[in-house]
Amino acid sequence: MNKLKISILSFASVVLASIGSAFGQQPLQLTLDQALEIALSESNTIKIADMTIEKSGYAKKGSYASLYPNISASGSYQRTLLKQVMVMDMGGNPMEIKVGRDNNISAAASASMPLINAQLWESLKLSGMDVEMTVEQARSSKISLIKQVKQSFYAVLLAKESLNVMTQVYDNAQKNYEKTEQRALVGKASEVERLRAQVNVMNAEPNVSSAENAVLLATWQLKAVMGIDLETDVEVVGKISDYTDYMLAPYVVKDDLSGNSSLAQLELQGRMLESTIRMQKKQYIPTLAASINYNYSAMGDDELRWFPSSTAALSLSVPIFDGFAKHNNIMQSKKTKDMLDLQREDAERNLRIGIRNYNDQMALCIKNYQAANATVEIAQKSYEITEKMYEVGKATLVELNDAQLALEQAQLTQAQAIYNFMVAKANLDEMLGKE
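Residues numbered from 1 in each chain as written. Predicted model: local features only at pLDDT ≥ 70, side-chain atom pairs only at ≥ 80, totals over all residues. Heavy atoms only, no water.

Considerations on the overall build of the protein chain
For the protein chain, the count of helices and strands is nine helices and eight strands. Expected size for 435 residues packed as a compact globule is a radius of gyration near 22 Å; at 39 Å, the protein chain overshoots this value by more than 25%. Structurally, the protein chain occupies a C-alpha span of about 150 × 50 × 45 Å along its principal axes. Long-range pairs, those at least 24 residues apart, make up 82% of the contacts in the protein chain between residues at least 6 apart in sequence. By element, 56% of the accessible surface of the protein chain is carried by carbon and sulfur atoms, the whole surface being about 26,200 Å². Charged side chains of the protein chain number 44 positive and 50 negative; the gap between the two group centres comes to 6 Å. (Helix = DSSP H or I, 4+ residues; strand = E, 2+ residues; numbered from the N terminus. Rg over C-alpha atoms; globule rule 2.2 N^0.38 Å. Contact = heavy atoms within 4.5 Å. Areas by Shrake-Rupley, 256 points an atom, 1.4 Å probe, with all protein chains shown as cover. Lys, Arg positive; Asp, Glu negative; His and termini not counted. Charge placed at Lys NZ, Arg CZ, Asp CG, Glu CD.)

Structure below.
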């Protein structure tokens, strides 16, 4: 019921946002939680996963049909156009006799069902495991989608931060150009300085346009991952710096892989192979089936006479020798199971290496952020001091540009460190199987 409510609310928010955009209203304000909710209800990945689970459920129900009686009915009508003629020798004189009747009608009903079939019973267990595998694959798709939405959301925030920095650089360049032009009018700045300041403004404009385009593309990517119309007008709420406290919060390194979907699927594959081996071994067990038939037929020219008949039978099948086919199939399945065990061992080893790698990346991002944070403070003070010195003629435009470049790089490094941390954390959550 809660999932249905989320789906309805998410769909309604998207529809209302589209209608509002058409009438010039404000775009949809999108937080990370809202993006995840909409993606989990509107994404085609989730819809396909749900349909696959439903399909597997039908397949499982279909496999149980083998336990029920198989009942069928048939009927036929035959009209004799030209009767067969038999010639018999009657006292030395040939006699022609027409055989058959003009009308032949028959109706039959039959029913059969297995009484003892160990291989069939084991195959039903295997069908149930197929459903479990489908559910686990659907969970894997959901976890992967959550990671993609998070990373796309963080990419939008990073692009917005980059746009803010580039806009600030452009504003500072424009302001410095105006100051330089005023100083040049009173003879306190050379024509070279004025031209250099003008070039700085012109160089900053393409960077702003590029940053704006990056925000647009990142937003489109987010909408594509969420599964909503690309023309839907959305505005991502928040800043990349909002996740600073989350990044600096103490966390414990965990290597619990019990929730990892890849290992869970390998475990299910192992159980399915074990069931397959048991099913193949049970091919040595005799099978017993029961059947019953009822027939009702009539033959005649002008008047039909009906004759019923019925049979019941037990069919016992005992395997004796098949050229060692069953034995070889069993040995092949056992080797496949041994190979799967080795694959699972390697997969678990690589996953633990991956966990360690992501934790190291996150620790490095924290160090980079702390270093960049201190650099931003110093670079901001340096720029402010250099700007004042430039206003009074004690600093050159080159020195002011260098101070602004250092501040720009520090701010971008700071934002990039937060983004890298959150992306690594999203990858780690996917690896640990967190939903």
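Next comes the rest of the account.
Considering the packing of helix 4 (residues 118-185) against helix 9 (residues 397-432)
Between helix 4 and helix 9, the shortest axis-to-axis distance is 9 Å and the interhelical angle comes to 175°. By the angle class used here, helix 4 and helix 9 are roughly antiparallel. Here the residues of the contact of helix 4 with helix 9 sort into 17 nonpolar, eleven polar and six charged. (Axes fitted to C-alpha atoms, helices over the stretch in contact; angles between N-to-C directions. Parallel < 35°, antiparallel > 145°, perpendicular 65-115°, else oblique. Nonpolar A, V, L, I, M, F, W, Y, C, P; charged D, E, K, R; others polar.)

Focus: the packing of helix 7 (residues 261-281) against helix 8 (residues 325-391)
Contact geometry of helix 7 with helix 8 gives a least axis separation of 10 Å together with a crossing angle of 170°. On the basis of the axis angle, helix 7 is roughly antiparallel to helix 8. Across from Leu 263, Leu 266, Glu 267, Gln 269, Gly 270, Leu 273, Glu 274, Thr 276, Ile 277, Gln 280 and Lys 281 in helix 7, the residues of helix 8 making contact are Asn 329, Ile 330, Ser 333, Lys 334, Thr 336, Lys 337, Leu 340, Gln 343, Arg 344, Ala 347, Glu 348 and Leu 351. Grouping the amino acids of the contact of helix 7 with helix 8 by side-chain chemistry returns eight nonpolar, eight polar and seven charged.

With respect to helix 3 (residues 44-63)
For helix 3, with 20 residues, the first-to-last C-alpha span of 28 Å sits near the 28 Å given by 1.5 Å per residue. The complete set of buried residues in helix 3 reads Ile 46, Ala 49, Ser 56 and Ser 63. Within helix 3, the buried residues cover an arc of 100° as seen down the axis, which keeps them to one side. In helix 3, the exposed positions angled more than 90 degrees off the buried face are occupied by Asn 44, Ile 48, Met 51, Lys 55, Tyr 58 and Lys 61. (Expected span 1.5 Å × (residues − 1). Buried < 20%, exposed > 50% of the residue type's maximum accessible area, 1.4 Å probe, protein only. Arc of directions from axis to C-beta.)

A few points about the nonpolar core
Where a protein is soluble and globular, its nonpolar side chains tend to be buried together. Core analysis: the biggest nonpolar cluster contains 55 residues, and Val 149, Phe 153, Leu 222, Met 226 and Tyr 243 have the highest contact counts within it. Leaving out residues up to four positions away in the same chain, Leu 222 has contacts with Leu 30, Val 149, Ser 152, Phe 153, Val 156 and Val 236. With twelve residues, the next largest nonpolar core counts Ala 173, Tyr 390, Ala 395 and Leu 407 among its residues. (Core = buried A, V, L, I, M, F, W, Y, C linked by side-chain atoms within 4.5 Å.)

As for the sheet that holds strand 7 (residues 287-300)
One open sheet holds the four strands; their spatial order is 2-5-7-8, and the pairing between them is antiparallel. The open sheet is flanked by strand 2 (70-79) and strand 8 (305-317), the only strands paired with a single partner. In this sheet, neighbouring strand axes are inclined to one another by 15° on average, regardless of whether the strands run parallel or antiparallel. For strand 5 (residues 103-116) and strand 7, the ladder comprises 13 bridges, and the chain directions are antiparallel. Residue Ser 106 lies in a different strand from strand 7, and its bridge partner there is Ser 297. (Pairing = 2+ DSSP bridges.)

Things to note about the environment of Ile 105
Looking at the secondary structure, you find Ile 105 in strand 5. Along the chain, Ile 105 and Gly 75 lie 30 residues apart, while their C-alpha atoms are 7.7 Å from each other. With residues near it in sequence (within four places) discarded, Ile 105 still touches Ser 76, Tyr 77, Tyr 296, Ser 297, Ala 298, Leu 304 and Trp 306.

A short note on the packing of aromatic side chains
Under the definition given, this model contains four aromatic pairs. Taken together, a centroid distance of 6.5 Å and an interplanar angle of 15° make the contact between Tyr 294 and Tyr 296 stacked. Assessed through its relative accessible area of 42%, Tyr 294 is described here as partly exposed. Ring centres of Phe 321 and Phe 324 lie 5.4 Å apart, and the angle between their planes is 85°; this geometry places the pair in the edge-to-face category. Like Phe 324, Phe 321 is exposed. Members of the aromatic cluster, joined through ring pairs, are Tyr 294, Tyr 296 and Trp 306. Sitting above the plane of the Tyr 390 ring, Arg 183 keeps its charged end 4.8 Å from the centroid. The cationic tip of Lys 326 hangs over the ring face of Tyr 284; the distance from NZ or CZ to the ring centre is 5.9 Å. (Phe/Tyr/Trp six-rings, centres within 6.5 Å; stacked < 30°, edge-to-face > 60°. Lys NZ or Arg CZ within 6 Å of the ring centre and 35° of its normal.)

Here's the deal with the pairing of strand 3 (residues 84-90)
Both strand 3 and strand 4 (residues 93-99) contribute to a ladder of seven bridges, which runs antiparallel. Across the sheet, Met 88 pairs through a bridge with Met 95, a residue of strand 4.

Remarks on the pattern of salt bridges
Scanning the model with the defined rule gives 23 salt bridges in all. One salt bridge connects Asp 301 with Lys 83, and the closest N-O pair in it is separated by 3.5 Å. With Asp 301 in the loop between strand 7 and strand 8 and Lys 83 in the loop between strand 2 and strand 3, this residue pair connects regions lying 218 residues apart in the sequence. Of the residues examined, Asp 301 reaches a relative accessible area of 28% and is grouped as partly exposed. A relative accessible area of 23% places Lys 83 in the partly exposed class. Here Glu 122 and Arg 278 are joined by a salt bridge, their closest N and O atoms 3.2 Å apart. Here Arg 278 lies in helix 7 and Glu 122 lies in helix 4, a separation of 156 residues in the sequence. Accessibility expressed as a relative area gives 1% for Glu 122, which makes it buried. Overall, the relative accessible area of 36% leaves Arg 278 in the partly exposed class. Taken together, the shared-partner salt bridges connect Glu 122, Lys 125, Arg 278 and Lys 282 into one network. (Salt bridge = Lys/Arg side-chain N within 4 Å of Asp/Glu carboxyl O.)

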